[in-house]
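Spelled out from the first residue to the last, the chains are:
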Amino acid sequence: MRKEPNLMWVILRTFWRELTSLAILHILRALLQFVQPALLRQILIFLESPSDSDSKAHGIALALCMLAVSITLSIIMGQFYARTVETSVRIRSALVGMIYRKSLVLSPGARKSATSGEITNYMSTDAEKWITNLVWMIMWVSIPIEFIVATVMLYDLIGWSVFCGMAILLMNVPIQGWAGGFMDSIKSGKMQAQDSRVRLMTEILANIKIIKLYSYVEAFQQKVLTVRDKEVSFLRRAGTVDTYLTILYSCLPLLVAFVSFSVYATIGGPGHTPGEINAQTIFVSIALFAMLNRPISAMSMLIEATIGLRVAMRRVQGFLLKEEMDCTAVLHINELPHDTWTPVIQIAGATLAWNPGHDFSDQAYSTTEDTETTALLSEDARKAIEPTLFDINVSISRSSLTAVVGRVGQGKSSLLSAMIGEMYKRHGSVKVFGSIAYVPQQAWIVNATLRENIVFGKPFDQQKYDRILNACGLLPDIEILVAKDLTEIGERGINLSGGQKQRISLARAVYQDADIYLLDDPLSAVDAHVDQHLWEHLIGPKGMLSHKTRVIVTHGIHHLEQVDHILVVKNGRITEAGDYRALMSARDAFYYLIKDFSVAENPKKATSKTGKTSKADDALMDKTMNLDSSTSVSTPTSSSNLITTSDGEAETGTVVAVEAKDAKGKSGGELIAEEHVQGVTVQWKTFATYCKAMTYCYFTVTMILFIIWECFQLSVPLWLEHWIRLSSSTNQSTSYFLGIYALLVLAYVAADTCLTYVFKVTACTQASIVLHNDALERVMRLPMSFFDSIPYGRILNRFSSDVAGIDESIPFSLHQTILSACNLIGNLVIISFATPAFMLSIPPLALFYWAVQKYYSRTSNILKRLESVTKSPIYQHFSESLHGATSIRAMKLQQRFINENAEQVDKYANAFFAWSMTNRWMQYRLELLTTFVVFMSALLAVLNKDHLSASLVGLALSFTLVLVDHVTWLLRIFTRFQSDLVSVERVHEYSVRNTEAPLVTGVRVPESWPNQGHIVFKNYSARYREGLNLVLKNVSFDVQPGEKVGIVGRTGAGKSSLTLALFRIIEAADNTKPPEDQHLSAISASGDGGSITIDGIDISTLGLRDLRRHLAIIPQDPTLFAGTIRENLDPFSEMRDTELWTALDRAHLKDYISSMPGGLSYEVAQNGENFSVGQRSLICLARALLRKTKILILDEATAAVDVETDELIQRTIREEFKDRTVLTIAHRIKTIMDSDKILVLEKGRVQEFEAPGALLKRKEESLFWRLAKQTGEI
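Below or above, wherever it landed, is the structure these notes cover. (Residues numbered from 1 in each chain as written. Predicted model: local features only at pLDDT ≥ 70, side-chain atom pairs only at ≥ 80, totals over all residues. Heavy atoms only, no water.)

**Some points on the pairing of strand β5 (residues 424-433)**
Here is the rule we go by: Strands are labelled as partners when DSSP assigns at least two bridges between them. Here a helix means four or more residues in a row that DSSP labels H or I, a strand means two or more in a row labelled E, and each is numbered from the N terminus.
Relative to β5, strand β1 (residues 331-333) is paired through three bridges, and the arrangement is parallel. In the sheet register, Leu331 faces β5, and the bridge partner there is Lys431. The pairing of strand β2 (residues 345-353) with β5 spans seven bridges and is classified as antiparallel. Following the sheet pairing, Ala348 is matched in β5 by Ser429.

Listed below in structure tokens is the structure:
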């Protein structure tokens, strides 16, 4: 049996040279540091010896030796830390690259258990462990050496008594092992909870608009808090274990010293007599125990770091070992066959599935229609399944046009996925010749300029580019953009309509100049006239791609006469295949579909079988397309630098501003704001924010505990000095001194334990809870304009790595900063007490330290912020790559995206390395200064030999030896704390942003509101943000109760803006937001903003919860959330199962859902990717049916379903919503022809609002008539 590879071992073998050099440097440091206690011993011997003329020269030489040793130590440690940073950055970059590459080749089965949020966590948290933990890992090599050398030197001083103390250490080894294992399980649990939270946040941020429309904000916020509570429980448990480890490690050195001195003072001398208590023995031993304190105290952090790294690498290893795509599933030959008659796509007897065959018995049934993110189905929902496609036999000729048709969820998109190797091949063969361009059903758009989204890494050819823009109907859209095709497109195409995104996706595919084009229902998201343009100029027999092989999934049956071959898919099988005439002659299911639903039979059809249009229709098409160029919501004016992009056909994107650059020649059109890099220093107010989150009460208590702890710590050496001074002149017994010594040690242990528990388990955990919850609550309530201009990868970074920093890094760095400051102050007090002259040097030393720190901080903090800023693009690019993984693989673009990822990682590595080297710059200079303090202390002791007590000098010098460590560690940890505070600053930044209107106001409505559904727009105007032009202008119309209103309009007309206004996603033009955290009883919209009233109530006076929960919408982009079917239909758990089944039955999904394992408990994958787009639309319809409201908005709700399902949905709407007010935006004019009234919008204004019959009578005078004429409805 093949042994499973070990990622940790692979890393160690790969970087063995670098790690070996680090180990050697650390061993040299460990050995060299013990020279100092040896020199201290010689200085104390010198002080106790008689004075003579040569003795002072000898003493000065000893002091100079201490200086030389200290300087050498600083140089060695400088090299060690610099090389550690370089090595850790290289390991992290390598891991991120491996994770990224792996994510592009995951098999369908593997992607079900690895969501984008989890994979992001591997990069942001697990790989990052090497940056913080490598320095601790190297200590495994040096710690044994330090123990051995310290033990030998202590044995030379106090004899066999040292082994009694060391026995305490050995007794703790099994306890350490138990605590380590327990901490390991806690860390694993915490990381799993964090994965779940990040995954949930990823889903929320990706679908925030839908969540707001459905008024699911509170439900999803509670889901996040539930997961967060689990994560916090692990934090508390980790803090409790850490408190126990404090007793083991922080207090252990004192206990070891106490046991050793006690044994030595009683029976440690020759012949088991009491040992001699003198300055040389005690204070050199104290210095050695202090040096031993470092590795012992570090054991807690060392074990925690090792466990954390092991857990992280185990998680990453599990991901890297996941199943990869089967390269043999499709035999892909890059070149076209020489024989032009050879089919370019050949599928013979193929049975394909979304689950691996070896897991057949425990997989969940899925009819996934793969869009841009494939099925992500939770493990416990996998049941016995069947393949998705059965016995597929397809042969597609070169340069042919093949249409794939069928009802929702039958396997049409899966057939395309099979052609590009995205499915498991159980049987048969799939063979493809030539290059492939793939257009997914849900367009994949990256955060780049419009031109970059189309050219997509290919050499730019202006003529080719212009032809493609014209063929894809993008020229009118580009004309209205401020920077034309250089306008920046937001993440996921947030500032584009559904139709615009789809046409850009088509243009990208065409620009690739591939041999085969796989088009997954690209016409569903566009208006009728754009559909016609794309068919005529791009896809159809006379289009730009006529010489290419095209396979198109379509629900537009009016084009089927013009295709060469038709495949009818039903229940995963190809039930009919042939050309249009042959299928019609067969008089099977296809024939009846065409007969019952085709509008092409209309004698006034828009196109003939040959694809030619009449002259009148040509003119109509030209007129229609030309109208688009003038229908922008806003146009440039001389007085404004702000341009608003078009809404597009479906206007699913939110219109956002793109601000022109300054007059230095830079193009305008930037949408995504650069991540804000704040001031050069972390201000005290950020620390105050953290303390406030912790509560000032807890902070005060912890500071008092720190002071008590330090007092007990200092009392121990002072008592020992007192013992030495009185040992030869007092009558007190040894037991008296040992008793007091024991009480002081126990008091120290109690104070340290209490301090650690209160600080980590209570205070810091409280701060983590408050900062996260405040940010979450505020982000969920931010207006959509915020999400339009901020990539959600950037927001996710705040909730992943920044929150992780607040949870784990800040408690450690703050604890160590205060502890080190107490130690430093205590050391200075002891040194000043022993040698009062030293006090004169403290002010200039403090001034110098402050100057260096201030000079350093200005650079360090800005570099730390730049490091944080360069991290977000990594996650953004990674998220985009995951969403477009299918397209990337289909078009063989993996290497380009891998290079882009490496470029982003390098930028981050450069920023991090620069920041780290500033730390070394500061630390090296301060270490050198501190070595001079050690030298001056030794020199003063030597020169004042006749005036100082040996015990006081021993006390002072023993504390001076560790002064360098205290200063160095304080400055390092304080710098780290300042850097960690950037996480607080970044998270808190989102906690103070202005939110949208309150959820609840003083105006409350009954549950039955609206009981009529009477909607009145009165002179209503709206814009998407302050400073932008109006998207709706003085809109006035009156929808009577129960009326069915169809809404139509051209590009940028304001159709979806109208629906967004109803839900108050956008506000009236002059609607002012209430003061922060103040709930007003009414927010009046008056003046040029106008008003919207529903059943006589101005909706601007209502809270958003009351408003949105009483309206229903079926959006164009049907969205499902990870969870069960039940949770998707009823997130607030207000309905009975019978009601849910009734709604599913009316949505024509009951049979399908009941066949799923678990029924209503069936697990929905992230983004609903284990359902086809059409099935998701039907579930959204079921949601609307469950919401007992009098008003329903349909925003292109049936765009992604076949005509037969569309007819069923329309029938359901007519029956179930017959007494309700329905507003419908539709691409298919047929779906709104039976409406009571038609609302025609043009340039944000009401152009027409009458019954369809009245508008049609006006013929060419009516814009609606022209649209209906073009689609063949009249």
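Read on for the rest.
**Observations regarding the packing of helix α27 (residues 792-834) against helix α28 (residues 842-883)**
Applicable threshold: Convention adopted: a line fitted to C-alpha atoms gives each axis, helices being fitted over their contacting stretch, and angles between N-to-C directions are expressed from 0 to 180 degrees. We call two directions roughly parallel when the angle between them is under 35 degrees, roughly antiparallel when it is over 145, roughly perpendicular when it lies between 65 and 115, and oblique otherwise. Should the near helix be turned counterclockwise from the far one by less than a right angle, the crossing is left-handed, whereas a clockwise turn marks it as right-handed. Two residues form a contact once any of their heavy atoms are found within 4.5 Å. The classification used treats Ala, Val, Leu, Ile, Met, Phe, Trp, Tyr, Cys and Pro as nonpolar, Asp, Glu, Lys and Arg as charged, and all other residues, Gly among them, as polar.
The geometry of α27 relative to α28 is characterised by a closest axis approach of 11 Å and an angle of 160 degrees between their N-to-C directions. Comparing their axes, α28 and α27 come out roughly antiparallel. Handedness of the crossing formed by α27 with α28: right-handed. Contacts from Tyr792, Gly793, Arg794, Asn797, Ser801 and Ser832 of α27 reach α28 at Ile842, Ser868, Lys871, Ser872, Tyr875, Gln876, Ser879 and His883. Of the residues belonging to the contact of α27 with α28, the class tally is three nonpolar, nine polar and two charged.

**Some points on helix α23 (residues 684-694)**
Test applied: Residue burial is assigned from relative accessible area. The probe radius is 1.4 Å, only protein chains are included, and a residue is buried under 20% of its type maximum, exposed over 50%, and partly exposed in between.
Among all positions of α23, only Thr686, Phe687, Thr689, Tyr690, Cys691, Ala693 and Met694 are buried. Buried positions along α23 lie against α24 (696-726), α25 (734-780), α27 and α32 (963-991).

**A short note on the nonpolar core**
Note the cut-off: Think of a nonpolar core as a cluster: buried Ala, Val, Leu, Ile, Met, Phe, Trp, Tyr and Cys residues, connected wherever their side-chain atoms sit within 4.5 Å.
The biggest cluster of nonpolar side chains holds 188 residues, and the ones touching the most others in it are Tyr690, Tyr741 and Ile1125. Ranked by the residues each element gives to this core, the list is headed by α25, at 20 residues. In this structure, Met139, Met299, Ile468 and Leu583 belong to the second largest nonpolar core, which totals 125 residues.

**What to know about the packing of helix α2 (residues 16-33) against helix α3 (residues 35-48)**
Close contact between α2 and α3 brings their axes to 4 Å; oriented N to C, the two are set at 10 degrees. Here α2 lies roughly parallel to α3, going by the angle between them. Listed contacts from α3 to Leu31, Leu32 and Gln33 of α2 are Val35, Gln36 and Pro37. The residue makeup of the contact of α2 with α3, split by class, is four nonpolar, two polar and no charged.

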